[in-house]
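Structural characterization, general
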Amino acid sequence: MSVNLSSVLISDEIDQKCVDVLQENGIKVLKNTKLSKEELLKEIPNHDGLIVRSATKVTADVIAAGKRLKIIGRAGTGVDNIDCNEATKRGIIVMNTPGGNTLSAAELTCTLICCVARNIHNGDQAMKAKKWSERKALMGCELHGKTLGIVGLGRIGKEVALRMQSFGMKTIGFDPIIPAEVSAKFGVQSMPLEDLWPLVDFITVHTPLIRQTRNLINDEVFVRCKKGVRVINVARGGIIDEEALLRALESGQCGGAGLDVFTSEPPKDFTLAQHPKVVATPHLGASTSEAQKRVAIEIALQFVDLVKGKQLFGAINANAMTDALSEESRAWVTLGQRLGQLAGHVGGQATGNIKVTALGSSLKQSGSYLGAAVLAGYLTTKQQPGGDGVTLNLINAPAMAKEQNLQVEFLQADHCPGTYSAMVTIGLSDGFQASGTTCNGGAVLLAVQGKSFPAPACLSGNVVVFSAAESTKLMADISGAVAEESLTSLTLKS
Ligand code: NAD
Ligand code: MLT
């Protein structure tokens, strides 16, 4: 399953390498980083792909205006400037370049830890103002022997830990999905947050900004920490409650902060950034030539791989497509869609589960895409003519099915009985059943309602399915009508 991208719009400042790689692979590119919202809405319908950093706000109306849009790429990690739910509903892939800027963000974090510990910002300001005598007020602290609490032990959290250990810091942390034995391997002792707060001299956060992490560091947390605790945020503004931080800085409960990110960017209010105990940078975590080159090349290559049907990497809303790209899987995706359509037309209204059974060892990995393909086929038959015109695919079908309380119950077994090495059967709650397999890259139907075809019937184009008592005349009449309409007829043994 490849994606046809003839034209891509790049609307944020992204390294030229991105343009080069796309163009070298035959994709037309328009790079315009000066588009107003209105101009973006006018331009987006001309493109199949969009690449952004964090400046372009890819809101629901932008996505809706992108009638040809198939993919939105973020040259970076956070996708909080993209309405991912809307993209998923419209069957548009959203992908990022996880890891491309990890080292740069980790290095900035370590830099801020050092700056906060040694008042580098104040020292620099004093020197620029020729105030040598201020050095007396700029007593810092050593990092050696201090405890660093790392909240979020993913890519960046881990790299920060490894680097700060070389300063002699003890690293402890918390992450709901990284097991303690995994973090122990990179020297971080994992513990619940309530145990971590009283132990730390420095806290650094490396989580996404989600409901659970918004204002994670708040008044209550500051109270539970040692007086003078220092905090660093190179993740997302809002993980540290900015008002609580200001109060803690004023009271001395917080000894200093290093901030690269803010609740609103640029900040509406610069009080925090201007605070003498704060070292602030304007979202520079990924701003190194190395990281920008890396994310630019990575996002372009990810687009190219998808066009070539090679692999899907970095997609955050297209699980079903990850294993659906190989030549062999494509035929099974088509079969799933066709069986779903057949169920939608011939079966009744599915409620609850659609049972999808994949038999044969070659279908071991088919769970992710077969269910989505069946749902896409089935739901297409239930779309109202003149509805919102969204084309159902592997990305939006599962989400749409969920909205209708419809889900797939997927079963897989290695043994496939009979003459075929693999086959798929689907069943609706009303008893409708059909099974099929693939042949020469196409989908074929083997049986409907438990009745098998004498020879597998091709499942492409328009198909007529009927069931009748055996009658030579009826067969001749139907075959004649089918031939006139260029349809494929499937005869069931009665
Ligand atoms: P990642 O996905 O590798 O790691 C994030 C980790 O946070 C995950 O392991 C996740 O389990 C954990 N997490 C989620 N909820 C949590 C919670 N409630 N408590 C503790 N941990 C939780 O991401 P990453 O690449 O390490 O990026 C981390 C953050 O840094 C992201 O917000 C990203 O957008 C941001 N970032 C900022 C810059 C910058 O320029 N300042 C650059 C790169 C990344
Ligand atoms: C990210 O999430 O990757 C960062 O915010 C860096 C960027 O600005 O792209």
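Residues numbered from 1 in each chain as written. Chains lettered and ligands numbered in written order. Predicted model: local features only at pLDDT ≥ 70, side-chain atom pairs only at ≥ 80, totals over all residues. Heavy atoms only, no water.

Taken domain by domain, the chain comprises domain 1 (7–100 + 289–317), domain 2 (102–280), domain 3 (321–461) and domain 4 (462–494). Its C-alpha centre places domain 3 at a distance of 23 Å from the equivalent point of domain 4. (Domains from an automatic or database assignment.)

In this chain, Glu265 is followed by Pro266 through a cis amide linkage whose omega measures -5°. With respect to the secondary-structure elements, Pro266 resides in the loop between β11 (254–259) and α12 (271–274). At Gln449, a position not held by glycine, the phi torsion is positive, near 50°. By the element assignment, Gln449 lies in the loop between β17 (442–448) and β18 (451–458). (Helix = DSSP H or I, 4+ residues; strand = E, 2+ residues; numbered from the N terminus.)

What follows concerns helix α16 (residues 367–380). In this model α16 runs 20 Å from its N-terminal to its C-terminal C-alpha over 14 residues, within 8% of the 20 Å that 1.5 Å per residue would give. α16 sits mainly inside the fold: 11 of its 14 residues count as buried. All buried positions along α16 are accounted for by Tyr369, Leu370, Gly371, Ala372, Ala373, Val374, Leu375, Ala376, Gly377, Tyr378 and Leu379. Along its buried surface, α16 packs onto α14 (319–322), α15 (327–346), β13 (353–359), α17 (396–403), β14 (407–413) and β15 (423–427). (Expected span 1.5 Å × (residues − 1). Buried < 20%, exposed > 50% of the residue type's maximum accessible area, 1.4 Å probe, protein only. Contact = heavy atoms within 4.5 Å.)

Within the structure shown, the criterion is met by 12 salt bridges. The salt bridge partner of Arg236 is Asp80, with a shortest N-O separation of 2.7 Å. Placement of Arg236 in the loop between β10 (229–233) and α11 (242–251) and of Asp80 in the loop between β4 (71–74) and α4 (84–89) is noted, with a sequence separation of 156 residues between them. We classify Arg236 as buried; its relative accessible area is 16%. By relative accessible area, which is 47% here, Asp80 ends up partly exposed. What you see here is one network of salt bridges that share partners, running through Asp48, Arg68 and Lys70. (Salt bridge = Lys/Arg side-chain N within 4 Å of Asp/Glu carboxyl O.)

Moving on: the site of ligand 1. Inspection of the region around ligand 1 gives 26 residues, with Arg155, Ile156, Asp175, Thr207 and Val234 positioned closest. Here an oxygen atom of ligand 1 sits 3.4 Å away from a polar atom, N or O, in the side chain of Arg236. One of the backbone nitrogen or oxygen atoms of Ala286 is found 3.3 Å away from an oxygen atom of ligand 1. Burial of ligand 1 by the protein chains amounts to 88% of its free accessible area of 860 Å². Looking at the shell around ligand 1 residue by residue, the class counts come to 12 nonpolar, 10 polar and four charged. (Near = heavy atom within 4 Å. Polar contact = N/O pair within 3.5 Å; in protein donor to acceptor, adjacent residues only side chain to side chain. Areas by Shrake-Rupley, 256 points an atom, 1.4 Å probe, with all protein chains shown as cover. Nonpolar A, V, L, I, M, F, W, Y, C, P; charged D, E, K, R; others polar.)

Around ligand 2, the neighbouring residues are Arg53, Ser54, Arg74, Ala75, Gly76, Thr77, Gly78, Asn101, Arg236, His283 and Ala286. One of the side-chain nitrogen or oxygen atoms of Arg236 is found 2.7 Å away from an oxygen atom of ligand 2. Grouping the amino acids of the shell around ligand 2 by side-chain chemistry returns two nonpolar, six polar and three charged.

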